[in-house]
Amino acid sequence: QKVRIGDVQTFPDGNFLLAGDLRLANGEYEGLICRMTNAGVFISQNQIRINGKPVSIQAAKVRYSGKVILAGIVYDSPDKMFVGMLNNNLSIDWLKTINVPSTPVKVVLDYAEGGNIVAAAQLGTGIVYSGFNATGAQLWDRQSSPAGLNELVGIGHTDFGESSIL
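A few points on the structure. (Residues numbered from 1 in each chain as written. Predicted model: local features only at pLDDT ≥ 70, side-chain atom pairs only at ≥ 80, totals over all residues. Heavy atoms only, no water.)

### Re the sheet that holds strand β10 (residues 117-123)
Thinking step 1. Taken together, four strands build an open sheet; the order of strands is β9-β10-β11-β12 and the sheet is antiparallel. In this open sheet, the two edge strands, each paired with only one partner strand, are β9 (106-111) and β12 (138-144). Each strand of the sheet is rotated relative to its neighbour by a mean of 15°, with strand direction disregarded.
Thinking step 2. Inspection of the sheet shows β9 paired to β10 by six bridges, in the antiparallel sense. (Pairing = 2+ DSSP bridges. Helix = DSSP H or I, 4+ residues; strand = E, 2+ residues; numbered from the N terminus. Axes fitted to C-alpha atoms, helices over the stretch in contact; angles between N-to-C directions.)

What follows is the structure, encoded as structure tokens:
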């Protein structure tokens, strides 16, 4: 087994969130999310599959409430992007899968104004990006092919429907 940490965040209480994936001996991935003290002691962890399918957590952020938003790839046929929210104890509050035209290369997410969430998936030279409210309802989705795209590194959003792709 091999662990890949894709994101490290701080909880409001000073503990840390580690998010990534666990590569199993059979080559499949399981999403891995851990809560750890600043002394390095693991408090809790959760391994995630969606509908029994392998998952890679690509990005995670801790909200002020202590809840966690996360996004990544579901390895299925065809592969999909997912976005979700975890409760403070790392149990799943909600998870949504988003169909994309091809296999995601990378997935990023961020907070948006009004408590919303915005996530984007790089698909080779194109990008699919979506907005969600705090209960998981999809608000909008867009697709773009920015000239000269090498790597998607981030996304931001405003209440005016404008997104910044970095």
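There is more to say after this.
### Focus on the packing of aromatic side chains
Thinking step 1. Taken as a whole and assessed by the stated rule, the structure comprises three aromatic pairs.
Thinking step 2. Taking the centre distance of 6.5 Å and the plane angle of 35° together, the rings of Trp94 and Phe132 count as tilted. Of the two residues, Trp94 is situated in strand β8 (residues 92-99) and Phe132 in strand β11 (residues 126-132); the sequence distance between them amounts to 38 residues. In terms of burial, Trp94 and Phe132 fall into one category: buried.
Thinking step 3. For the ring pair Tyr129 and Trp140, a centre distance of 5.9 Å and an interplane angle of 80° mean the geometry is edge-to-face. With a gap of eleven residues between them, Tyr129 in strand β11 and Trp140 in strand β12 connect regions that are remote in the sequence. (Phe/Tyr/Trp six-rings, centres within 6.5 Å; stacked < 30°, edge-to-face > 60°. Buried < 20%, exposed > 50% of the residue type's maximum accessible area, 1.4 Å probe, protein only.)

### Description of the sheet that holds strand β6 (residues 68-74)
Thinking step 1. Taken in spatial order, the four strands line up as β5-β6-β7-β8 in an open sheet, and their pairing is antiparallel. Strands at the two margins of the open sheet, each flanked by one partner only, are β5 (55-62) and β8. The sheet shows a mean angle of 20° between the axes of neighbouring strands, taken without regard to direction.
Thinking step 2. Of the strand pairs in this sheet, β6 and strand β7 (residues 80-86) are connected by seven bridges, and their pairing is antiparallel. The partner of Val74 across the bridge, within β7, is Lys80.

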